[in-house]
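Listed below, chain by chain, are the residues.
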Amino acid sequence: MPTVTLGNGKIFEIEADDTVLEGVLRQGAVLEHSCKTGRCGACKSAVVEGTSVAIGAEIGLDEAERQNGVVLLCVRKATSDLLLDVCDLGGALPPPKRILPCRIQSLERVRHDIVHVALRLPPNSSFAYFPGQHINLSSRGGPARSYSIANAPRPDGMLELYIRYVADGAMSRYWFTDAKANDLLQLVGPLGSFYYRESSATNLALLATGTGIAPIRAMLQNLAERPAASRPRRILLFWGARTPDEIFWDPSEISLEIEFVPTLSRAAETWNGARGYVQTAMMSSKIEFDDTVVYACGSTAMISSVREILMDTGLSHRYFYADAFVASSD
Ligand SMILES: Cc1cc2nc3c(=O)[nH]c(=O)nc-3n(C[C@H](O)[C@H](O)[C@H](O)COP(=O)(O)OP(=O)(O)OC[C@H]3O[C@@H](n4cnc5c(N)ncnc54)[C@H](O)[C@@H]3O)c2cc1C
Ligand code: FES
């Protein structure tokens, strides 16, 4: 069995048949990850020593990263002992993944191309997750798709989702044509390492594009339930859309002081708010980045751009967490 040594010296023995990511997760440690299909880039790591083989396309890497020996741990098997330069995330471990049936409680179009879904889980299933995590859902043996849970855990156990229509999408067709209350679905989750972490930083900057607001809403609801002393002192929310009608949810529903900056890329001249992209709006906000934790969710383009900008400011990658809504591989 190959061993995997992380940058902080922790050593794990993994099954040769497992991907490096799965092998380490199985040992109860969390490495950053999301899609597990080589697309989002969350699980990238340089290999300092050892060899591995790719068992799928590493779409989430750019050419410079490939040249520098960076790999995606979700599509790599170890062919020798490995020394990696990533560290595990530490802190509380997210609840274990489960497979459960669930039913649609309600479906509501909040825009012509966005549906709000509430899912009902079996009574007493006690499904636990960290706000920010996602689930995989499939309908009647159809393909599984990932959706971020849009609410903090509720007393009635219901899970909320915001789902955007994608043209010619297999699950989009289901959600926008066939889905109805009481439909039975299969849920796998909770999944991913995108969840809020305790921090002593003064500022929290949350960035979203489109339905990337879903896990951010879950985190904000959860923050509102915490005592003020355990919350960041300043919370900024940058939500990017093309036009004002795409801002389909009102953050004022949360009883928290949030500096909300809706940012429009195709605003009419009458628009008085921020223009352009969320990353530009964040940079104009004059927050001290050495005292800020940043969470970003939505398009890959936004996340890559934010990561690049923040690393240029000297922000440690440990203060930047992201979840890219990449397309599925089937
Ligand atoms: C971790 C994670 C969390 C996610 N959370 C959400 C969420 O909360 N809400 C939500 O609406 N979506 C979310 N997504 C995206 C979602 O999983 C699906 O990829 C998306 O809804 C399309 O599925 P589909 O079956 O309709 O289309 P598919 O049948 O998968 O794709 C149809 C066509 O559209 C392309 N395509 C797929 N997705 C996109 C896209 N995002 N942009 C442009 N083209 C695309 C495909 O390449 C394909 O050509 C998430 C994805 C990930 C990885
Ligand atoms: S690329 Fe590995 S988790 Fe997304």
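Rules used throughout
- Residues numbered from 1 in each chain as written.
- Chains lettered and ligands numbered in written order.
- Predicted model: local features only at pLDDT ≥ 70, side-chain atom pairs only at ≥ 80, totals over all residues.
- Heavy atoms only, no water.
- Phe/Tyr/Trp six-rings, centres within 6.5 Å; stacked < 30°, edge-to-face > 60°.
- Helix = DSSP H or I, 4+ residues; strand = E, 2+ residues; numbered from the N terminus.
- Buried < 20%, exposed > 50% of the residue type's maximum accessible area, 1.4 Å probe, protein only.
- Lys NZ or Arg CZ within 6 Å of the ring centre and 35° of its normal.
- Near = heavy atom within 4 Å.
- Polar contact = N/O pair within 3.5 Å; in protein donor to acceptor, adjacent residues only side chain to side chain.
- Areas by Shrake-Rupley, 256 points an atom, 1.4 Å probe, with all protein chains shown as cover.
- Nonpolar A, V, L, I, M, F, W, Y, C, P; charged D, E, K, R; others polar.
- Core = buried A, V, L, I, M, F, W, Y, C linked by side-chain atoms within 4.5 Å.
- Domains from an automatic or database assignment.
- Contact = heavy atoms within 4.5 Å.

S.K.: Hey, could you run me through the packing of aromatic side chains in this one?
M.R.: To describe a pair of aromatic rings, one takes the distance between the centres and the angle between the planes. Using the criterion set out here, one finds 11 aromatic pairs in the structure. Judged by centre distance (6.0 Å) and plane angle (70°), the rings of Phe194 and Tyr295 are edge-to-face. Here Phe194, found in the loop between strand 13 (184-191) and strand 14 (203-209), pairs with Tyr295, found in strand 18 (residues 292-298); they are 101 residues apart in sequence, far enough to count as distant. Here the two residues Phe194 and Tyr295 agree in accessibility, since each one is buried. Ring pairing ties together the aromatic residues Tyr162, Trp239, Phe248 and Trp249, which thus form one cluster. Residue placement shows Arg197 over the ring face of Tyr195; its charged tip is 4.3 Å from the ring centre. When the ring centre of Tyr321 is taken as reference, the NZ or CZ atom of Arg197 above it lies at 4.4 Å.

S.K.: It is not clear to me how the site of ligand 1 should be interpreted in this structure. Could you clarify?
M.R.: By nearness alone, 21 residues border ligand 1, and Arg145, Ser146, Tyr162, Arg164 and Ser172 come closest of all. The contact in question runs from an oxygen atom of ligand 1 to an N or O atom on the backbone of Ser146, over 2.6 Å. Note that an oxygen atom of ligand 1 is positioned 3.3 Å from one of the side-chain N or O atoms of Thr211. Out of a free accessible area of 930 Å², ligand 1 has 76% covered by protein chains. For the shell around ligand 1, the secondary structure elements donating two or more residues are strand 11 (145-148), strand 12 (159-164), helix 3 (170-178) and strand 19 (320-324). For the shell around ligand 1, the per-class residue count stands at 10 nonpolar, 7 polar and 4 charged.

S.K.: I'm lost on the nonpolar core in this one. Help?
M.R.: Judged by nonpolar contacts, the single largest core of 31 residues is most densely connected at Leu220, Trp249 and Tyr295. Residue assignment for this core shows that the elements contributing at least two residues are strand 14, helix 4 (213-224), strand 15 (234-241), strand 16 (258-264) and strand 18. Sort the elements by how many residues they give to this core and helix 4 lands first, with 6 residues. In terms of domain composition, this core takes at least three residues from each of domain 2 (98-191) and domain 3 (203-324). Aside from chain neighbours lying at most four places away, what touches Trp249 is Tyr162, Ile213, Arg217, Leu220, Leu237, Trp239 and Ile254.

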